[in-house]
Amino acid sequence: MIGALFALFGAFAFALANVAIAKGAHEGEKNNGAFLSIVMTSVLSGSLWLLLGPALPTMDGQFLTGLGFFAASGMLATVIGRLTLFRSVILAGAINAGLFRRLIPIFATLFAFIILGETIGWLAGAGMAIILASLMGVMTVRGATGGRWDDAEKRSRALGRGRMFGALSAASYGASYSARKLGMSAIPDPMLGTFIGALTGIAWYAGGSVVSRNYRNVVATSLRGMGKWQFIAASSMSFGQMAQFFALLHADVAVVAIIGSLEVFLGIYLAAYVFRTEGPPEGRIIVASLVATIGVVLVALP
């Protein structure tokens with residue numbers, strides 16, 4: 001149950017981050033906050049690890065293996081997954097970006113079965129099937145793009161590119177679940193895992209800044225200051241990342257990934273009714289979200 005609750009909190013945090021990105025784009029914030037979110041994640045997780053984390057184990061092969069998997073998860077999620085996600089939301093809007101992100105639990109469950117040999121009980125399996133069915137039932141819903149495209153042809157191109165980035169993000173995030181779980185098997189320390197993953201992202205930006213002016217500009221603008229929505233997106237991403245590590249400590253990859261997919265519905269309601277960056281959802285989205293809630297209950301019961 002506790003793993004499911006952490007996964008649900010993580011889903012809400014990521015949904016809030018997605019909508020904040022779109023809101024910032026609407027209001028002209030040019031820096032999408034990707035690097036800022038990585039820095040904030042490292043500061044928060046590192047501070048919590050120093051204050052509350054257990055003592056470091058022996059620096060043996062198992063420990064180094066765990067660090068390696070944490071670093072791999074950082075590359076997959078903190079770097080590839082997050083960068084493509086931010087780009088997808090800006091190009092296509094929070095709702096459209098979420099369409100392909102619904103593939104995350106499918107990728108995650110597939111990788112967990114192949115790499116980790118995870119299996120699930122019939123009750124949790126039924127809940128997952130219900131959630132996936134509700135997600136697939138709204139795959140064809142088309143929402144507005146990010147809102148910055150005046151020409152119809154440009155909007156169409158932006159939507160296509162946004163969904164392409166969303167698909168790449170889904171595959172990368174799906175693989176990152178297994179990498180995190182492998183790391184947690186070697187070192188059961190969520191804060192350390194989050195911290196190492198974030199440091200991997202910072203190292204990526206540092207290396208990119210050496211050879212790329214764009215990376216230098218991103219780092220410079222992030223460090224000079226931040227907009228309101230950048231801060232909300234970055235902090236939400238940070239808490240969502242940490243929540244997922246805690247969830248994986250107490251639950252299987254498939255359970256965490258499936259519950260995390262509720263981010264799609266949470267993002268829709270936040271975008272439509274709280275931040276008003278997009279129009280109200282269609283009736284079938286509302287029905288699908290209610291059905292998905294039943295699935296989450298079944299998944300959480302075991």
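Worth saying up front: this structure is predicted, and the values here are computed from it rather than measured.

Quick look at the overall build of the protein
So, step 1. For the protein, the helix and strand inventory stands at twelve helices and zero strands.
So, step 2. For the protein, the succession of helices and strands along the chain, N to C, is α-α-α-α-α-α-α-α-α-α-α-α.
So, step 3. Every one of the 302 residues in the protein was classed for burial, and the buried ones make up 54%.
So, step 4. Within the protein, contacts between residues separated by at least 24 positions form 89% of all contacts whose residues are at least 6 apart in sequence.

Examining the packing of aromatic side chains
So, step 1. Across all of its chains, the model carries seven aromatic pairs by this definition.
So, step 2. A centroid spacing of 5.2 Å and a plane angle of 20° characterise the contact between Phe6 and Phe246, whose relative ring orientation is stacked. Linking Phe6 in helix H1 (residues 2–26) with Phe246 in helix H9 (residues 228–250), this pair joins segments that are 240 residues apart in sequence.
So, step 3. Residue Phe6 is classed as partly exposed on the basis of its relative accessible area, which comes to 26%.

Notes on the UniProt feature "signal peptide" (unreviewed entry) in the protein
So, step 1. With numbering aligned to this structure, UniProt lists the feature "signal peptide" (unreviewed entry) at residues 1–22.
So, step 2. For residues 1–22, the end-to-end C-alpha separation is 32 Å, with 95% helix and 0% strand making up the annotated structure.

Comments concerning the packing of helix H4 (residues 104–116) against helix H10 (residues 253–260)
So, step 1. Orientation of H4 relative to H10, taken along the N-to-C sense of each, is 175°, at an axis distance of 9 Å. By the criterion of interaxial angle, the relationship of H4 to H10 is roughly antiparallel. Here Pro105, Ala108, Thr109, Ala112 and Leu116 of H4 come into contact with H10, specifically with Val253, Ala254, Ala257 and Ile258.

Brief notes about the environment of Trp122
So, step 1. Note that Trp122 resides in helix H5 (residues 122–136).
So, step 2. Relative accessible area serves as the criterion here: at 73%, Trp122 is assigned to the exposed category.
So, step 3. Sequence separation between Trp122 and Val299 is 177 residues; the distance between their C-alpha atoms is 9.7 Å.

Here's the deal with the nonpolar core
So, step 1. If you look at the biggest cluster of nonpolar residues, it comprises 48 residues, and the most contacted ones within it are Tyr177, Val256 and Ile259.
So, step 2. Among the elements that make up this core, the one with the highest residue count is H1 (ten residues).
So, step 3. With residues near it in sequence (within four places) discarded, Val256 still touches Ala7, Tyr177, Ala247, Leu248 and Ala251.
So, step 4. Membership of the second largest hydrophobic core comes to 13 residues, among which are Trp49, Leu192, Phe195 and Ile196.

Details of the side chain of Glu118
So, step 1. Relative to the helices and strands, Glu118 resides in the loop between H4 and H5.
So, step 2. Here Glu118 sits buried without a salt bridge, and the closest side chain of opposite charge, Lys181, lies 4.9 Å off (N-O distance).
So, step 3. At a separation of 3.1 Å, a polar atom in the side chain of Glu118 contacts the main-chain amide nitrogen of Val253.

Cut-offs and rules
Along each chain, numbering runs from 1 in the same order as the chain's sequence is written. Only residues with pLDDT of at least 70 get local features here, since the model is predicted, and only at 80 or more are side-chain atom pairs given and counted; chain-wide, interface and lining totals rely on the full set of residues. For side-chain calculations, the full set of non-hydrogen atoms in the structure is used, while hydrogens and water are omitted. By definition, any uninterrupted DSSP run of H or I lasting at least four residues is a helix, any uninterrupted run of E lasting at least two residues is a strand, and each is numbered from the N terminus. Here's how the labels work: a residue is buried when its accessible area is under 20% of the maximum for its type, exposed when over 50%, partly exposed in between, all with a 1.4 Å probe on protein chains only. Any two residues whose heavy atoms approach within 4.5 Å are treated as being in contact. Any pair of Phe, Tyr and Trp rings, taking the six-membered ring for Trp, is counted once the centres come within 6.5 Å. Such a pair is stacked with planes under 30 degrees apart, edge-to-face with planes over 60 apart, and tilted for the rest. UniProt positions are given in the numbering used here, feature names are shortened, and annotations may be inferred rather than shown by experiment. The axes are straight lines fitted to the C-alpha atoms, using for helices just the contacting stretch, and the angles between their N-to-C directions are given from 0 to 180°. Throughout this description, any angle smaller than 35 degrees is read as roughly parallel, any larger than 145 degrees as roughly antiparallel, any in the 65 to 115 degree range as roughly perpendicular, and the remainder as oblique. Remark: nonpolar core denotes a set of buried residues (Ala, Val, Leu, Ile, Met, Phe, Trp, Tyr, Cys) joined through side-chain atoms within 4.5 Å. Counting rule applied: Lys, Arg positive; Asp, Glu negative; His and chain ends not counted. The rule for a salt bridge is simple: a side-chain nitrogen of Lys or Arg has to be within 4 Å of a carboxyl oxygen of Asp or Glu. By the criterion applied in these results, polar contacts are pairs of N or O atoms within 3.5 Å in which, for protein atoms, one can donate a hydrogen and the other can accept it, and in which residues neighboring in sequence qualify only through two side-chain atoms.

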